[in-house]
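Analysis of the macromolecular model
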Amino acid sequence: MTIYFIGAGPGDPELITVKGQRLIRTCPVILYAGSLVPPQVLDGHRARLVVNTAKLDLDAIVALLQEAHLRNEDVVRVHSGDPSLYGAIGEQIRRLETIRIPYEVIPGVTATAASAATLKRELTLPGVSQTVILTRYATKKSMPPGEALADLARHRATMAIHLGVQHIERIVADLVPHYGADCPVAVVFRASWPDEERVEGTLADIAGKVRAAGMERTALILVGHVLDANHFADSTLYASDLSARRRLFCQMHR
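Residues numbered from 1 in each chain as written. Predicted model: local features only at pLDDT ≥ 70, side-chain atom pairs only at ≥ 80, totals over all residues. Heavy atoms only, no water.

This part covers the pattern of salt bridges. All told, the structure shown has eight salt bridges when counted by the stated rule. Between Glu73 and Arg48 there is a salt bridge whose closest N-O contact spans 2.9 Å. Taken together, the residues Glu73 in the loop between helix H2 (58-70) and strand S4 (75-79) and Arg48 in the loop between strand S2 (29-32) and strand S3 (49-52) connect sequence positions 25 residues apart. Judged by relative accessible area, Glu73 falls into the buried class, the value being 13%. Of the residues examined, Arg48 reaches a relative accessible area of 48% and is grouped as partly exposed. Between Asp195 and Arg190 there is a salt bridge, with the nearest N and O atoms lying 2.9 Å from each other. For Asp195, a relative accessible area of 35% translates into the label partly exposed. (Salt bridge = Lys/Arg side-chain N within 4 Å of Asp/Glu carboxyl O. Helix = DSSP H or I, 4+ residues; strand = E, 2+ residues; numbered from the N terminus. Buried < 20%, exposed > 50% of the residue type's maximum accessible area, 1.4 Å probe, protein only.)

Okay, structure coming up:
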């Protein structure tokens, strides 16, 4: 048997991988993070046991996995977004390896990707930004050395900030010295869900707009000049003088 950690995507039940959906519909046991994963993601399942783990601690979750292992039943452990990003799968994997239960990880669409899609923006533009930093907001003491928001902001790269909308004023204060007050910002609440909302502005006015919209959680903050860039060079990928062989090489190594 195998434990499958599945990324369910950002919220839209159609933004799950074909593999993830197939496993949800065929495995006999489902454990899902009900506070973040919409129940529609489980449509079509034939599991004999479905557990919402929103109120369970790590020990209780691992106990359920062990019980399924003893029954030789495959389990899907469904997380929101992509489980490798703030998915808390690390401690579960560590326990599974200790008790020698096999597992696999199935990736999912991230909130960053869903937010970029709803904004209809490319996060990496030639001459503007070729780097995306995915991070979270936390106090300086609780972040590893060199990963405080102000330290990362020195790169002036496109930035996606998780778990920080409640601290939007502090985030702005950390970013303005590096990006400038006129840098565009977008805050997307529950990207791809039916009640999705977004607020766009600059570092100068985004805090007021967020407060006016009543956004207090489950929102991603995107920062960077790619959000309003109109003057950037075309990619060489589709240049007319690019040979067919070189274009194929570029596509294969993107």
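Structurally, Val41 can be placed in the loop between S2 and S3. For the pair Val41 and Ile30, spaced 11 residues apart in sequence, the C-alpha separation works out to 11 Å. Excluding residues that lie within four positions of it along the chain, Val41 makes contacts with Ala8, Pro13, Ile16 and Ile24. (Contact = heavy atoms within 4.5 Å.)

In terms of burial, S4 is a largely internal element, five of the five residues being buried. Along S4, one buried face is formed by Val75, Arg77 and His79 and the opposite face, lined by Val76 and Val78, is buried too. Here strand S1 (residues 3-7) runs beside S4; their pairing, made up of five bridges, is parallel. The partner of Ile3 across the bridge, within S4, is Val75. Pairing of S2 with S4, which is carried by four bridges, proceeds in the parallel orientation. Note on S4: the bridge partner recorded for Val29 is Val75. (Pairing = 2+ DSSP bridges.)

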